[in-house]
Amino acid sequence: MDLFLNALTDPRAVGTIAGASISAAIVMTIWFLNRYQERKIEENRRKRKTIDVMSALIAEIRSYTSSTDFKRDDIKRAKRSAIEAFEGPYGYRFIPYVPIEKHDRVFEAVMLDIQVLPYTVVHQVVGFYSQMTAITGLQQQLNTDGYRELPSSRRLRLLLRYLDMNDHALKLARSALDALERQISEMDPSA
């Protein structure tokens, strides 16, 4: 114990201890600053990735809403035309052509990164793409021999259901776009 007390009172030892303490404080400060910078870089990288994923989804959903054959007024017109065609003199033979479209390529590509999206956005986006999956399934059914062999009243109901599903998909698309755009503007006000 005397040795320790003598070391504290020895001017050479005090200088060594002070130097070591200052060095330790500098190393700790640098370590904390470095750790803070790494966290900021990772946070910015994650934020950029989230914005990139949301931007890609916006592009795909906008593509659907602008290129789809169905707008709300078009759907109403298509329903009236379908009813007229099925109720016409040759309605029992009327088979509508329904193209099979795929509007989820970007969504499929970013599916593994869906966890980067904020909770509120995920529900809107998944709701839209779930509807698109259901529409694709019905499109495929409407192009089968089984559909062609159904009574005309049943074919009409399925076609009207398909048109209603597209109408609902447009609403879901708008909702998803609003959520995505709102989230991007909150995350990156300069966007």
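Treat the numbers as computed from the prediction; the structure is a model and nothing was measured.

> Describe helix α5 (residues 119-141), with residues and values.
In this model, α5 (23 residues) spans 33 Å end to end at C-alpha, consistent with the 33 Å of a helix rising 1.5 Å per residue. Of all the residues in α5, the buried ones are Val121, Val125, Phe128, Tyr129, Gln131, Met132, Ile135, Thr136, Leu138 and Gln139.

> How would you summarise the packing of α5 against helix α7 (residues 152-187) if you had to cite specific residues and measurements?
For the pair α5 and α7, interaxial distance at closest approach is 8 Å and the crossing angle is 155 degrees. Here α7 runs roughly antiparallel to α5, going by the angle between their axes. The interaxial crossing formed by α5 with α7 has left-handed handedness. Of the residues assigned to the contact of α5 with α7, the class counts are 16 nonpolar, nine polar and one charged.

> Mind laying out the pattern of salt bridges, listing which residues take part and the relevant values?
What the rule picks out here adds up to 12 salt bridges. Between aspartate 74 and arginine 77 there is a salt bridge, with the nearest N and O atoms lying 3.0 Å from each other. Of the two residues, aspartate 74 and arginine 77 both sit in helix α3 (residues 72-87), three residues apart, roughly one turn of that helix. Of the residues examined, arginine 77 reaches a relative accessible area of 45% and is grouped as partly exposed. What emerges from the salt-bridge pattern is a single network uniting Lys102, Asp104 and Glu108.

Basis of the calculations
Residues numbered from 1 in each chain as written. Predicted model: local features only at pLDDT ≥ 70, side-chain atom pairs only at ≥ 80, totals over all residues. Heavy atoms only, no water. Helix = DSSP H or I, 4+ residues; strand = E, 2+ residues; numbered from the N terminus. Expected span 1.5 Å × (residues − 1). Buried < 20%, exposed > 50% of the residue type's maximum accessible area, 1.4 Å probe, protein only. Axes fitted to C-alpha atoms, helices over the stretch in contact; angles between N-to-C directions. Parallel < 35°, antiparallel > 145°, perpendicular 65-115°, else oblique. Left-handed = near helix turned anticlockwise from the far one by under 90°. Nonpolar A, V, L, I, M, F, W, Y, C, P; charged D, E, K, R; others polar. Salt bridge = Lys/Arg side-chain N within 4 Å of Asp/Glu carboxyl O.

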